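Geometric and topological summary
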Amino acid sequence: MAEESIPPVRHISYLRQAKDLAMGIHPLSKYVPPLLLIADAFLTSLIIYKVSYTEIDWKAYMEQIAQYEDGERDYTKIKGGTGPLVYPAAHVYIYCILYRVTDQGRNILLAQRIFGVLYLATLAVVMACYRRAKAPLYIFPMLVMSKRLHSIFVLRLFNDCFAVFFLWVAIYMFQRRIWTLGGISYSLGVGVKMSLLLSLPAVGVILFLGRGLQGSLKQVYLMAQLQLVLAFPFLPENAMGYLNRAFEFSRVFLFKWTVNWRFLGEETFLSKEFSYSLLVGHASTLLLFITTRWLRPAEKPWTELLGNVLKFQEPCGQMQHAVSIRISPNYILTTILTANAIGMVFARSLHYQFYAYIALATPFLLWRSGMHPIFQYGLWAAQEWAWNVYPSTDVSSKVVVGVLAVTVARMWWGTRTDFVNPKGEGAASKKL
C-alpha cells in the first residue's frame, strides 16, 4: 500500500516544481530567460536566411540619408521614394551609420544581421525589466513567439526598432534608479521617432515622484538639451522646417494603411470630429490613471500635490524620500507600459510597425491586469492574429482596438488595490 502511494506523491511534487518554475521561484528559473533568448537567436537567424526580405521603407531611408551625406541640411528638402523625411535627427544619424556600413544600403543581408542583433539585445533588456518587476516566467514565451515582431525587425528594418530599444533601456535604467541615463536613453528614443512621446506622461509622473520637483525638472531640462544637440546641425538652415517635419502632430494618415480604425470607414476615419474625440478620450483616460492610480504612492490628494507644485515647493514635502522608495521596478514598468497602451488605443492610425511598441508590453500588462493565464494567452493570440492579417480587415481592426481597450480597462481594474493601505495596518502600503 505504501508503494502505491508513492506515484501520486511524486506527481504532486512534479506539479509543484512546474508551478514554481512557471512563477519564477524555482532554483532553475534563472536559466529560463537565457535559454529562451538562445532559442530565439536560432529562430531569428533562420528567418533571416530562409524568409524573403520585404522592401518597404529601407530604400527611402537610404535615399534620404544620401541627400544628408551630400550636404543637405534643410529638412523640408530631404525626400525619399515614400515621401519627405518625417523623423527626428537621431534617426538620421543612426541610418547614416547603416548607410556607410551596408554599402549605401545595398548590402541588405548585413543590415538584416545588424537588426537581428538589435532584436536580441532589445529582447534581453525586456526580459531583464520583466525580471526586475518580478513577472512570472510563464508569460515569457509570449515575448519570443510573435511572427509580426520578428518581421518588423529583420524583414522590414523599420526605425521603430531603434526607438523601442531605447525605450526599454530607459525603463531598465529607471528601474535601477539611474535616472540620468534613463532620461538620456528615453530622449534618444524620442529623437528616433516621436511615437515615444506617448509614454511621456508616465515618465513625467515617475520622475516627479521618484526625484521630486527640482530633480524631475533637471531631468526634463537634460532631455530637452539632448534634443537641441541632436537637432543643432539642421537648425541654422531651417529651424521651423525641422520642428514641423520631425515633430509633425497634424499629420494626416492614409486610410489604406491603417490597422486599427478600418472598421469605421474612410469618411469617419478622416473626419476632424473623430480626431478630436480621440484626443479627448486620450487626455481623459490619462487623467483618470494619473489621478486614481499613478499618484497613489504619494499618499496625498492630487489637488494638494498640484498646489505644492504651483507654490514651487516639493510636492511630497518631508515624505519625498519615502515616496521615492515606493517607485519600484514593477511600478515603473506598469506605469510606462500602461501609458503607451493608452496612447495606442486612441491613436489616429496604427501601422504594422507600431506593433513593436505593443508586442513586448502585452504579456506584462495582461499579467498585471489580473486575468487568468488562459485569458492572457487567449488575448495575446487574438492580438497576434489581428496584427498578422494583411491587408487589415474590418474584423482584424476590431480585434486590434478591442484587445488594446480591454487591456487598458483591465489595467485600471487590476491595479485598484495598489498602494491601498489595508485596514488596520496604518501607513503600510502595498509595494510593487
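Rules behind the numbers
- Residues numbered from 1 in each chain as written.
- Predicted model: local features only at pLDDT ≥ 70, side-chain atom pairs only at ≥ 80, totals over all residues.
- Heavy atoms only, no water.
- Helix = DSSP H or I, 4+ residues; strand = E, 2+ residues; numbered from the N terminus.
- Rg over C-alpha atoms; globule rule 2.2 N^0.38 Å.
- Buried < 20%, exposed > 50% of the residue type's maximum accessible area, 1.4 Å probe, protein only.
- Contact = heavy atoms within 4.5 Å.
- Lys, Arg positive; Asp, Glu negative; His and termini not counted.
- Charge placed at Lys NZ, Arg CZ, Asp CG, Glu CD.
- Polar contact = N/O pair within 3.5 Å; in protein donor to acceptor, adjacent residues only side chain to side chain.
- Axes fitted to C-alpha atoms, helices over the stretch in contact; angles between N-to-C directions.
- Parallel < 35°, antiparallel > 145°, perpendicular 65-115°, else oblique.
- Left-handed = near helix turned anticlockwise from the far one by under 90°.
- Expected span 1.5 Å × (residues − 1).
- Arc of directions from axis to C-beta.
- Core = buried A, V, L, I, M, F, W, Y, C linked by side-chain atoms within 4.5 Å.
- Salt bridge = Lys/Arg side-chain N within 4 Å of Asp/Glu carboxyl O.
- pLDDT = per-residue confidence, 0-100.
- Nonpolar A, V, L, I, M, F, W, Y, C, P; charged D, E, K, R; others polar.

Turning next to the overall build of the protein chain. On a plain count of helices and strands, the protein chain comes out with 20 helices and two strands. At 23 Å, the protein chain has a C-alpha radius of gyration in line with the 22 Å of a compact globule built from 432 residues. Seen along its three principal axes, the alpha-carbon backbone of the protein chain occupies a region of about 80 × 60 × 40 Å. Counting all 432 residues of the protein chain, 51% fall into the buried class. Counting contacts in the protein chain only where the partners sit at least 6 residues apart, residues at least 24 apart contribute 76% of the total. Of note, the protein chain has its 41 positive side-chain charges centred 7 Å away from the centre of its 25 negative side-chain charges.

Another point: the environment of Ser349. Within the secondary structure, Ser349 sits in the loop between α16 (329-345) and α17 (355-359). In the structure, Ser349 is positioned 91 residues away from Thr258 in sequence and 5.4 Å away in space, judged by C-alpha atoms. Leaving out residues up to four positions away in the same chain, Ser349 has contacts with Phe253, Thr258, Asn260 and Phe269. A polar contact of 3.5 Å, which involves the side chain of Ser349, links it to the side chain of His351.

This part covers the packing of helix α10 (residues 200-231) against helix α13 (residues 272-294). Closest axis-to-axis distance for the α10/α13 pair is 11 Å, and the angle between their directions is 25°. The angle between α10 and α13 falls in the class roughly parallel. α13 is crossed by α10, and the crossing has right-handed handedness. Facing Pro201, Ala202, Val205 and Leu209 of α10, the residues of α13 in contact are Leu286, Ile290 and Trp294.

Three- or four-residue spacings in an α-helix give side chains the same orientation, since the helix completes a turn every 3.6 residues. Its 15 residues give helix α19 (residues 373-387) an end-to-end C-alpha distance of 21 Å, which sits within 8% of 21 Å, the value for a rise of 1.5 Å per residue. Every buried residue of α19 is accounted for by Gln376, Leu379, Trp380, Gln383, Glu384, Ala386 and Trp387. Down the axis of α19, the smallest arc covering the buried residues is 165°, so these residues share one side.

Attention now goes to the nonpolar core. Counting residues in hydrophobic clusters, the biggest one holds 126 residues, and the most contacted among them are Tyr95, Tyr130, Trp168 and Trp294. It is helix α8 (residues 160-175) that provides the largest number of residues to this core, a total of 12 residues. Setting aside its immediate chain neighbours within four residues, Trp294 contacts Ala202, Val205, Leu209, Leu286, Phe289, Tyr331, Thr335, Thr338, Ala339 and Ile342. Within the second largest apolar cluster, six residues are counted, among which are Trp261, Phe269, Leu278 and Val401.

All told, the structure shown has six salt bridges when counted by the stated rule. With a closest N to O distance of 3.0 Å, Arg100 and Glu69 form a salt bridge. Separated by 31 residues along the polypeptide, Arg100 in helix α4 (residues 89-101) and Glu69 in helix α3 (residues 58-69) bring together distant segments of the chain. Overall, Arg100 belongs to the exposed group, its relative accessible area being 57%. One salt bridge in this structure joins Lys300 and Glu304, with 3.8 Å as the shortest N-O distance. Residue Lys300 is classed as partly exposed on the basis of its relative accessible area of 26%.

This part covers the confidence of the model for the protein chain. Atomic detail in the predicted coordinates should be set aside for any region of low pLDDT. Confidence in the prediction of the protein chain, expressed as mean pLDDT, is 91, and 94% of residues score 70 or more. Segment residues 1-5: pLDDT under 50, and zero contacts once partners within four positions in sequence are set aside and those in other chains are kept. Within the model, the stretch residues 422-431 combines pLDDT values under 50 with 15 contacts to residues more than four positions away or in other chains.

Bringing the packing of helix α5 (residues 108-132) against helix α7 (residues 147-155) into the picture now. Packing of α5 against α7 leaves a shortest axis separation of 8 Å and a crossing angle of 135°. The orientation of α5 with respect to α7, classified from their angle, is oblique. Along its contact with α5, which presents Gln112, Phe115, Gly116, Leu118, Tyr119 and Thr122, the element α7 presents Leu149, His150, Phe153, Val154 and Leu155. Looking at the contact of α5 with α7, its residues break down into seven nonpolar, four polar and no charged.

Between the first and last C-alpha of helix α9 (residues 179-192) there are 20 Å, a value that for 14 residues agrees with the 20 Å anticipated at 1.5 Å per step. The buried count for α9 comes to 10 of 14 residues, which makes it a mostly enclosed element. Along α9, the residues classified as buried are Trp179, Gly182, Gly183, Ser185, Tyr186, Ser187, Gly189, Val190, Gly191 and Val192. For α9, the secondary structure elements touched by its buried residues are α4, α8 and α10.

This paragraph deals with the side chain of Asp57. Structurally, Asp57 can be placed in the loop between α2 (32-50) and α3. Lys193 is the oppositely charged side chain nearest to the buried, salt-bridge-free Asp57, at an N-O distance of 6.7 Å. Beyond its immediate stretch of four places on either side in the chain, Asp57 contacts Thr82, Tyr87, Phe158 and Gln353.

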